[in-house]
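One-letter residues, chain by chain:
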Amino acid sequence: MSSFFLILMGVFIVVANLIGFIYYKKKKSLYYAAFTVLLSAVFLGAIGGAVALFVIRDAFAIFYGMQIGYYLLINSAIVFFIAILATIIKKLSTP
């Protein structure tokens, strides 16, 4: 059962990053992509909680969804940090 939720967590992280990449290609803004990853983290965390409730059928299963949401929020913080770092490097490299 735990391997299912680990796979689900990995799939949700990949999906959130792919959604952010698609919005980056569309809008050409790193910050917009980071914000999109943050919003998708909340949405996919809620979906993870619903899937956990459906699979486990216990009231405490919602905490698995919260754990998935937590890792997705850490992922969005990393994406935002990379966006800030890329902006700083871009500003320093231009004369």
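Right above here is the structure, for reference.
Residues numbered from 1 in each chain as written. Predicted model: local features only at pLDDT ≥ 70, side-chain atom pairs only at ≥ 80, totals over all residues. Heavy atoms only, no water.

Caption draft 1: Main features of the side chain of S40. With respect to the helices and strands, S40 occurs in helix α2 (residues 30-56). Here S40 falls in the buried class, since its relative accessible area comes to 7%. Setting aside residues up to four positions removed in sequence, S40 forms contacts with A16 and I19. (Helix = DSSP H or I, 4+ residues; strand = E, 2+ residues; numbered from the N terminus. Buried < 20%, exposed > 50% of the residue type's maximum accessible area, 1.4 Å probe, protein only. Contact = heavy atoms within 4.5 Å.)

Caption draft 2: Layout of the nonpolar core. Counting residues in hydrophobic clusters, the biggest one holds 11 residues: F5, L8, M9, F12, A16, A41, L44, A52, A61, I68 and L72. Among the elements of the structure, α1 (2-27), α2 and α3 (62-93) are those that each provide at least two residues to this core. In terms of residue count, α1 provides more of this core than any other element does, five residues in total. If near-sequence neighbours (up to four positions away) are discounted, F5 is found in contact with A52, I56 and Y64. (Core = buried A, V, L, I, M, F, W, Y, C linked by side-chain atoms within 4.5 Å.)

Caption draft 3: Molecular detail of the packing of α2 against α3. Relative to each other, α2 and α3 sit at 170°, their axes nearing to 7 Å. Between α2 and α3, the crossing angle belongs to the class labelled roughly antiparallel. Grouping the amino acids of the contact of α2 with α3 by side-chain chemistry returns 20 nonpolar, eight polar and no charged. (Axes fitted to C-alpha atoms, helices over the stretch in contact; angles between N-to-C directions. Parallel < 35°, antiparallel > 145°, perpendicular 65-115°, else oblique. Nonpolar A, V, L, I, M, F, W, Y, C, P; charged D, E, K, R; others polar.)

Caption draft 4: Main features of a nonpolar patch on the surface. Taken together, the side chains of Y70, Y71, I74, I78, F81, I82, L85 and I89 make up a nonpolar region of the molecular surface, amounting to roughly 790 Å² of accessible area. Among the structural elements, Y71 can be located in helix α3. (Patch = residues over 30% accessible without salt bridge, like charges linked within 9 Å, V, L, I, M, F, W, Y side chains within 5 Å. Areas by Shrake-Rupley, 256 points an atom, 1.4 Å probe, with all protein chains shown as cover. Salt bridge = Lys/Arg side-chain N within 4 Å of Asp/Glu carboxyl O.)

Caption draft 5: Quick look at the layout of surface pockets. Looking at the largest pocket, its volume works out to about 150 Å³. Considering the residues around the largest pocket, the lining is formed by N17, G20, F21, Y24, L30, A33, V37, V79, I82 and A83. Mapped by element, the contributors of at least two residues to the lining of the largest pocket are α1, α2 and α3. Per element, the largest residue contribution to the lining of the largest pocket is four residues, and it comes from α1. When its residues are assigned to classes, the lining of the largest pocket shows eight nonpolar, two polar and no charged. (1 Å grid on protein atoms, 1.4 Å probe; cavity = no way out; pocket = protein on both sides within 12 Å on 5 of 7 lines; lining within 4 Å. Points joined across faces, edges and corners; volume = space filled by probe spheres on them.)

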